[in-house]
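Spelled out, the chains give:
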Amino acid sequence: MRIRKFIAVLIFAVISLTSSAQDSFMLRNHIQVTKKWDKFSTGIKFENRTKDCWLIRPTLGYTFKPWLKAELSYEFNHSYSKNPCHKAMLGLIGSIRQGNLYVRLRERYVSSWDITETGPYQHGNVLRSLLMVQYSIPGCIINPFASVELYTWEKWQKSRHLVGIKLPVDSHNEFEIAYLYMTFADKPSAVHGLNIAYNLDF
């Protein structure tokens, strides 16, 4: 009952903040399914971002060490306001766990091609650097976390910040609820939002 009340208060607080802000609001939700075979893993992610886009992203991963993993992904991103695009992604993930504290650092290179009806494809590059810190509260299923992701290539482009909780149902299923805040180099206003996710690992 306390957990349900906490989640309800968190959602209400996020909605209150976003409704009173002059910046735009986004609801960002995704479902991700991952299958592991020893050192290899495959996954697929479906995501929708209101007023922005929807995407599908299959991924192939390989674990070199318990603390080091590489990922190769393809993404089809369908924007609601501009041309859709293809993206190729190569990422390297390092993680460390000390007691109840978990820290993850990910560097992901993204090469994108915008789909145009006439003329050549428009190509772009970006380096996405993510730092995530999570703490597992003893005797509680709520795991608070915070993350910041920087988008750069020659210069800073935007940043994405998340503060929220993860709710592991069991060893395979996990829900995530977080407050989202994004800032941009080429836009004066930021984006606030609510991030809701479901992850299935088996």
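Residues numbered from 1 in each chain as written. Predicted model: local features only at pLDDT ≥ 70, side-chain atom pairs only at ≥ 80, totals over all residues. Heavy atoms only, no water.

Participant: Please explain the side chain of S159 as it appears in this structure.
Facilitator: The topology assignment puts S159 in strand 9 (residues 155-168). You can call S159 buried: its relative accessible area is 4%. (Helix = DSSP H or I, 4+ residues; strand = E, 2+ residues; numbered from the N terminus. Buried < 20%, exposed > 50% of the residue type's maximum accessible area, 1.4 Å probe, protein only.)

Participant: Looking at this model, I keep getting lost on the nonpolar core. Mind explaining?
Facilitator: Grouped burial of nonpolar side chains is what soluble globular proteins tend to show. M26, Y102, M132, F145, L162, A178, L180, M182, F184 and V191 form the largest nonpolar core, which has ten residues in total. When residues of this core are assigned to their parent elements, the largest contribution, four residues, is made by strand 10 (residues 173-184). Excluding its chain neighbours within four sequence positions, the residues that come into contact with A178 are F145, L162, V163, G164, G193, L194 and N195. Judged by nonpolar contacts, the second largest core, of five residues, contains I142, I165, I177 and L194. (Core = buried A, V, L, I, M, F, W, Y, C linked by side-chain atoms within 4.5 Å. Contact = heavy atoms within 4.5 Å.)

Participant: Please clarify how the packing of aromatic side chains should be interpreted in this entry.
Facilitator: The geometry of an aromatic ring pair comes down to the distance between the two centres and the angle between the two planes. Going through the model one piece at a time under the given rule, you end up with five aromatic pairs. Put simply, the rings of F40, Y62 and F64 touch in pairs and so form one group of aromatic residues. Of note, K187 hangs over the ring of F184, and the distance from its end group to the ring centre comes to 4.7 Å. (Phe/Tyr/Trp six-rings, centres within 6.5 Å; stacked < 30°, edge-to-face > 60°. Lys NZ or Arg CZ within 6 Å of the ring centre and 35° of its normal.)

Participant: Looking at this structure, how should I read the environment of F40?
Facilitator: Along the chain, F40 falls in strand 2 (residues 40-49). A relative accessible area of 46% means that F40 is categorised as partly exposed. Taking the C-alpha atoms as reference, F40 lies 7.5 Å from L60; in sequence the two are 20 residues apart. Beyond its immediate sequence surroundings of up to four residues, F40 is in contact with K35, G61 and Y62.

Participant: Quick question: what am I supposed to make of the layout of surface pockets here?
Facilitator: Empty space among the atoms can be located by rolling a probe the size of a water molecule over them. In this model, the second largest pocket occupies a volume close to 1200 Å³. Lining the second largest pocket are 42 residues, with D52, K82, K158, F184 and K187 positioned closest to its centre. For the lining of the second largest pocket, the elements supplying multiple residues, two or more each, are strand 1 (24-37), strand 3 (53-65), strand 4 (68-79), strand 5 (85-98), strand 6 (101-114), strand 7 (122-135), strand 9 and strand 10. Here the element with the most residues in the lining of the second largest pocket is strand 7; it accounts for six residues. Looking at the lining of the second largest pocket, its residues break down into 14 nonpolar, 13 polar and 15 charged. (1 Å grid on protein atoms, 1.4 Å probe; cavity = no way out; pocket = protein on both sides within 12 Å on 5 of 7 lines; lining within 4 Å. Points joined across faces, edges and corners; volume = space filled by probe spheres on them. Nonpolar A, V, L, I, M, F, W, Y, C, P; charged D, E, K, R; others polar.)

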